Every structure is written in structure tokens, then in C-alpha cells.
Amino acid sequence: QVQLVESGGGLVQPGGSLRLSCAASGSIFTRRSMGWYRQAPGKQRELVAVIANDGSTNYADSVKGRFTISRDSAKNTVYLQMNSLETDDTAVYYCNFVPALGGVWGQGTQVTVSS
């Protein structure tokens, strides 16, 4: 059973930065694309960043140029570097495969952008 554990969230002012981490229990990254998702209050969960097996990346338009997804296969960890944070980035952030697997959602990590 794969387990994904997110960390690194917190409270940050607009314009600030955070780096999120997603640690997996098994060596899965080399076989599957991984993504960061977020869910803001009252909104549906959305995919914001993807890293494929070959290391290529894709981003939602709302975060392009500000967020960077990366992967350390040796550590079974996926990262999301978030810069120039905006109040609209406030959400619970989750990692999962792409497409997502329903049985492996973690608890997420809260990111709050506020002055």
C-alpha cells in the first residue's frame, strides 16, 4: 500500500515563498507521473503541477512561472517550490499520482497566504 505524506505548509505573506515536500513509502516515482493538487475552501480540488517519468513538467496557468515541481527519486520525494505567493494560493495542498489514485490521498498540508 502506497502512502504519501505532505509537509512544508504554513502561513506566509503575499510575495513570500514555501517549499512543500511529499514523501512516498515506496519506489514509485520512476514508473508514474506525480502531481501536486490543491483544494481551496468551497472549491473543487485542482491539479497545479505535474512531473512525468522523464522529468518533464507542466503547470496550471494560475501558477506558471511561480511554482516549480521537482523530484528526488533516491529519496522518494516530490517537491513544490512556491514563489511569489498570492492570497488565491491559499488551500490545502496534496500530492498524488497523475491520474490520481483515490486510495492514496494523504492528509495534505495547509498553505495560507495572508498579510
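To keep things clear, this report deals only with the structure shown in the data block. (Residues numbered from 1 in each chain as written. Predicted model: local features only at pLDDT ≥ 70, side-chain atom pairs only at ≥ 80, totals over all residues. Heavy atoms only, no water.)

**A few points about the state of the cysteines**
Argument step 1. Going through the model one piece at a time under the given rule, you end up with one disulfide.
Argument step 2. Sulfur-sulfur distance for the disulfide between C22 and C95 comes to 1.8 Å. Its S-S torsion of about 60° marks the bond between C22 and C95 as right-handed, since a negative value means left-handed. Of this pair, C22 sits in strand 3 (residues 18-24) while C95 is found in strand 9 (residues 91-97), placing the two residues 73 residues apart along the sequence. Accessibility classification places C22 together with C95 in one group, the buried group. (Disulfide = S-S within 2.5 Å. Helix = DSSP H or I, 4+ residues; strand = E, 2+ residues; numbered from the N terminus. Buried < 20%, exposed > 50% of the residue type's maximum accessible area, 1.4 Å probe, protein only.)

**With respect to unusual backbone geometry**
Argument step 1. A cis geometry characterises the amide bond from V98 onward to P99, with omega recorded as -5°.
Argument step 2. Note on placement: P99 falls in the loop between strand 9 and strand 10 (109-113).
Argument step 3. Of note, N76 is a non-glycine position whose phi angle comes to about 50°, a positive value.
Argument step 4. Inspection of the secondary structure assignment puts N76 in the loop between strand 7 (67-72) and strand 8 (77-82).
Argument step 5. For S84, which is not glycine, the phi torsion reads 50° and is therefore positive.
Argument step 6. The residue S84 is located in the loop between strand 8 and strand 9 in this model.
Argument step 7. Under the relative-accessibility criterion, S84 is labelled partly exposed at 41%.

**Quick notes on the packing of aromatic side chains**
Argument step 1. Using the criterion set out here, one finds two aromatic pairs in the structure.
Argument step 2. Summarising the aromatic geometry, the rings of Y37 and W105 are spaced 5.1 Å apart at their centres and angled 80° between planes, so their arrangement reads as edge-to-face. Separated by 68 residues along the polypeptide, Y37 in strand 4 (residues 34-39) and W105 in the loop between strand 9 and strand 10 bring together distant segments of the chain.
Argument step 3. Judged by relative accessible area, which is 9%, Y37 ranks as buried.
Argument step 4. Geometrically, the ring pair formed by Y94 and W105 is edge-to-face, given 5.7 Å between the ring centres and 80° between the ring planes. Taken together, the positions of Y94 in strand 9 and W105 in the loop between strand 9 and strand 10 put the pair eleven residues apart, joining distant regions of the chain.
Argument step 5. Take W105: its relative accessible area is 27%, and that puts it in the partly exposed class. (Phe/Tyr/Trp six-rings, centres within 6.5 Å; stacked < 30°, edge-to-face > 60°.)

Keep in mind these numbers describe shape, not what the thing actually does.
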